[in-house]
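Here is how the chains run, residue by residue.
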Amino acid sequence: TDTYAEAMKAFDLDVEKMPLGNLTTAQIQKGVDILSELEEILKQSSVVDMSAAIDKTNRFYTVIPHNFGRRTPPVINNTDILQKAFDKCDVLLDIE
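The numbering scheme is per chain: residues are counted from 1 as the chain's sequence reads. Local features in this predicted model are restricted to residues whose pLDDT is 70 or higher, and side-chain atom pairs enter the listing and the counts only when it is 80 or higher, whereas totals over whole chains, interfaces and linings include all residues. Note that water and hydrogens are dropped before the side-chain values are worked out from all heavy atoms of the structure.

Participant: Quick rundown of the nonpolar core? Include the residues and the values.
Facilitator: As used here, the term nonpolar core means buried Ala, Val, Leu, Ile, Met, Phe, Trp, Tyr and Cys residues forming a set that is joined through side-chain atoms within 4.5 Å. Here's how the labels work: a residue is buried when its accessible area is under 20% of the maximum for its type, exposed when over 50%, partly exposed in between, all with a 1.4 Å probe on protein chains only. One finds Leu35, Phe60, Ile64, Ile76 and Leu82 to be the most contacted residues of the largest nonpolar core, which totals 21 residues. In this description a helix means any DSSP run of H or I spanning at least four residues, a strand means any run of E spanning at least two, and both kinds are numbered starting from the N terminus. Elements with a minimum of two residues in this core: helix 2 (25-44), helix 3 (50-63) and helix 4 (79-95). Residue contributions to this core peak at seven residues, all from helix 2. For this analysis, residues touch if any pair of their heavy atoms sits within 4.5 Å. With sequence-adjacent residues up to four places away left out, leucine 35 is seen in contact with Phe60, Ile76, Leu82, Ala85, Phe86 and Cys89.

Participant: Give me the lowdown on helix 4, citing residues and values where you can.
Facilitator: Relative to the 24 Å expected for 17 residues at 1.5 Å per residue, helix 4 spans 24 Å between its end C-alpha atoms, a close match to the ideal helical length. Taken together, the buried positions of helix 4 are Leu82, Ala85, Phe86, Lys88, Cys89 and Leu92. Along helix 4, the residues classed as buried sweep out an arc of 150° about the axis, all on the same side. Across helix 4 from its buried face, at more than 90 degrees, point the exposed residues Thr79, Asp80, Lys84 and Asp94. Under this definition, polar contacts are N or O atom pairs within 3.5 Å; protein pairs additionally need one hydrogen-donor-capable and one acceptor-capable atom, and for neighbouring residues in sequence, both atoms have to be side-chain atoms. In this structure asparagine 78 caps helix 4, since a side-chain oxygen of it lies 3.0 Å from the backbone nitrogen of aspartate 80. Helix span, as expected, comes to 1.5 Å for every residue beyond the first. Of all possible arcs, the one meant is that of the directions from the helix axis to the C-beta atoms.

Participant: I'd like a description of the packing of aromatic side chains, backed by residues and values.
Facilitator: Here the aromatic set is Phe, Tyr and Trp, taking the six-membered ring for Trp, and pairing holds for ring centres within 6.5 Å; pairs whose planes are under 30 degrees apart are stacked, those over 60 apart are edge-to-face, and all others are tilted. The final tally for this structure, using the stated rule, is two aromatic pairs. Between the aromatic rings of phenylalanine 60 and tyrosine 61, the centroid separation amounts to 5.7 Å while the plane-to-plane angle is 55°, which identifies the pairing as tilted. Both residues of the pair, phenylalanine 60 and tyrosine 61, belong to the buried class. A ring pair is formed by tyrosine 61 and phenylalanine 68, whose centres lie 5.2 Å apart and whose planes are at 70°; its orientation type is edge-to-face. Taking the relative accessible area as the measure of exposure, phenylalanine 68 reaches 9% and is therefore buried.

Participant: Tell me about the pattern of salt bridges, residues and numbers included.
Facilitator: Each reported salt bridge corresponds to a side-chain nitrogen of Lys or Arg within 4 Å of a carboxyl oxygen of Asp or Glu. Considering all chains together, one arrives at two salt bridges under this definition. A salt bridge links lysine 56 to glutamate 37; the nearest nitrogen and oxygen atoms lie 2.7 Å apart. Of the two residues, lysine 56 is situated in helix 3 and glutamate 37 in helix 2; the sequence distance between them amounts to 19 residues. A salt bridge links arginine 59 to glutamate 37; the shortest N-O distance between them is 3.2 Å. Residue arginine 59 is found in helix 3, and its partner glutamate 37 is found in helix 2; the two are separated by 22 residues along the sequence. For arginine 59, a relative accessible area of 27% puts it in the partly exposed group. Its relative accessible area of 32% is what places glutamate 37 among the partly exposed residues. Several salt bridges converge on common partners, so that one network encompasses Glu37, Lys56 and Arg59.

What follows is the structure, encoded as structure tokens:
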């Protein structure tokens, strides 16, 4: 399914490490839960706790494998990046 592969590539998701059959709804939901925890961290104060943001970001990228090539994965430390991550999960749940 080329359309699926193209959509996942647009979201920097690694379809080689994450064939749809291996990524369960529970895993995607775990990613959403991690993002919700991260959302609470971002709401707590105007200064982001970077160590907590990095920890949650790493957990998210472990649960939902991404392919950033040689680029450093972005830390999810603002609402724009967070919303894009939520959108990725929504797409994955829709496909699932």
